[in-house]
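# Commentary on secondary and tertiary structure
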Amino acid sequence: ESMTRSRRQRLHARVASTLRERFPDITENQPEILAQHFEKGSEGEIAVEYWLRAGERALARAAYVEARLQLERGVALLGTLPESSKRRRQEVELLTALGTAHISTKGFGSEEVSRTFARARMLCEQLGDDIPLKVLGGIYGVHVTRVDAEAASEILPHFRRLAQRTDDPAAAFAGHQVLGIHGFW
C-alpha cells in the first residue's frame, strides 16, 4: 500500500502475466487469482475472461454461491469497459453462467433469475444473434415456475427456430423437447 497506484497496477499486471505464462496449472485450476491480478493491474478485458472461467469452474464444482460472486464481479468489471459488440457478447456469456448460479441458489421464480436472463436476451437481440439455449431455458423456466402460460408461449418460436436451425443435435433435441413438453401441458 505504500507504493504509488501506477506502480502497484504494473506489478499486478506483471504477476498475472507471469502466472499465466509460467504456471499453467494456476491458470487452469485457480483462474480467480489471475482475474484478481489482471483487474488490479487495470487489464479489465482480460480480467473479465478469467472471472468467467472462475465462475464456470465454480459452477462445475457445484459451488454456486462462489460462482455467483465471481460472475457478478465479472459483470461489474465489464460495466467499466468501453461499449462494443465484443463486450456485449462477453456479457451474454457472463449472464448465462450467472443465471445458472442464481437458479441453483435462489430458484427459477426469483427476480434475479428473471432479470439476468432478460438482460442476456436483450443483448442478443441488440447484437442480432440467436438467443442461446441456456438463456431460452432460463427465461422459459421463469415463466413456467411463475405459471405464466402466455409468456411461456411467446418464447416458443425461439425454441422452434433453434430446433430447426442448429447443427448441434443436443440443442435441436432440447428445442424439440421444450416444444413437446409445452404442448403436453
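Quick look at the structure, then. Because the structure is a prediction, the values reported are computed rather than measured.

Here the focus is the side chain of T27. Position of T27 among the secondary structure elements: in helix α2 (residues 24-29). Residue class for T27 comes out buried when judged on its relative accessible area of 12%. Leave out the neighbours within four places in its chain, and T27 touches L19, R20, L34, Y50 and R53.

The final tally for this structure, using the stated rule, is three aromatic pairs. Ring geometry for Y140 versus F159: centroids 5.8 Å apart, planes at 80 degrees, classification edge-to-face. Of this pair, Y140 sits in helix α8 (residues 133-145) while F159 sits in helix α9 (residues 149-165), and the two are 19 residues apart along the sequence. By relative accessible area, Y140 is classed as buried at 10%. Taking the centre distance of 5.3 Å and the plane angle of 75 degrees together, the rings of F184 and W185 count as edge-to-face.

This part covers the packing of helix α4 (residues 44-60) against helix α5 (residues 64-78). Where α4 contacts α5, the axes come no closer than 8 Å and their chain directions differ by 160 degrees. Taken together, the axis directions place α4 and α5 in an arrangement best described as roughly antiparallel. Where α4 crosses over α5, the two elements pack in a sense that is left-handed. From α4, G44, A47, V48, W51, L52, A54, G55, A58 and L59 reach across to α5, where they touch Y64, E66, A67, Q70, L71, R73, G74, L77 and L78. Residues that form the contact of α4 with α5 fall into these classes: 12 nonpolar, four polar and two charged.

Right, let's get into helix α1 (residues 5-22). Helical geometry: 3.6 residues make up each α-helical turn, so side chains three or four residues apart lie on a common side. For α1, which comprises 18 residues, the first-to-last C-alpha distance of 26 Å matches the rise-based estimate of 26 Å (1.5 Å per residue) to within 8%. For α1, the elements touching its buried residues are α2 and α3 (31-40).

Here the focus is a nonpolar patch on the surface. A cluster of nonpolar side chains, I181, F184 and W185, forms an exposed patch at the surface whose accessible area comes to about 460 Å². Mapped onto the elements of the fold, F184 is located in helix α10 (residues 169-184). Look at F184 and you get exposed, because its relative accessible area is 67%.

Here we take up unusual backbone geometry. Although it is not a glycine, S42 adopts a positive phi angle of roughly 60 degrees. Residue placement: S42 occurs in the loop between α3 and α4. Even without being a glycine, A62 presents a positive backbone phi close to 65 degrees. Within the secondary structure, A62 sits in the loop between α4 and α5.

Bringing the layout of surface pockets into the picture now. Within this model, the largest pocket holds a volume of roughly 180 Å³. What lines the largest pocket is simply Y140, H143, V144, V147, D148, A149, A152, I181, H182 and W185. If you list the elements that add at least two residues to the lining of the largest pocket, you get α8, α9 and α10. Taken together, the residues of the lining of the largest pocket sort by class into seven nonpolar, two polar and one charged.

Scoring rules and cut-offs
Residues numbered from 1 in each chain as written. Predicted model: local features only at pLDDT ≥ 70, side-chain atom pairs only at ≥ 80, totals over all residues. Heavy atoms only, no water. Helix = DSSP H or I, 4+ residues; strand = E, 2+ residues; numbered from the N terminus. Buried < 20%, exposed > 50% of the residue type's maximum accessible area, 1.4 Å probe, protein only. Contact = heavy atoms within 4.5 Å. Phe/Tyr/Trp six-rings, centres within 6.5 Å; stacked < 30°, edge-to-face > 60°. Axes fitted to C-alpha atoms, helices over the stretch in contact; angles between N-to-C directions. Parallel < 35°, antiparallel > 145°, perpendicular 65-115°, else oblique. Left-handed = near helix turned anticlockwise from the far one by under 90°. Nonpolar A, V, L, I, M, F, W, Y, C, P; charged D, E, K, R; others polar. Expected span 1.5 Å × (residues − 1). Patch = residues over 30% accessible without salt bridge, like charges linked within 9 Å, V, L, I, M, F, W, Y side chains within 5 Å. Areas by Shrake-Rupley, 256 points an atom, 1.4 Å probe, with all protein chains shown as cover. Salt bridge = Lys/Arg side-chain N within 4 Å of Asp/Glu carboxyl O. 1 Å grid on protein atoms, 1.4 Å probe; cavity = no way out; pocket = protein on both sides within 12 Å on 5 of 7 lines; lining within 4 Å. Points joined across faces, edges and corners; volume = space filled by probe spheres on them.

Just distances and angles here, no functional claims.
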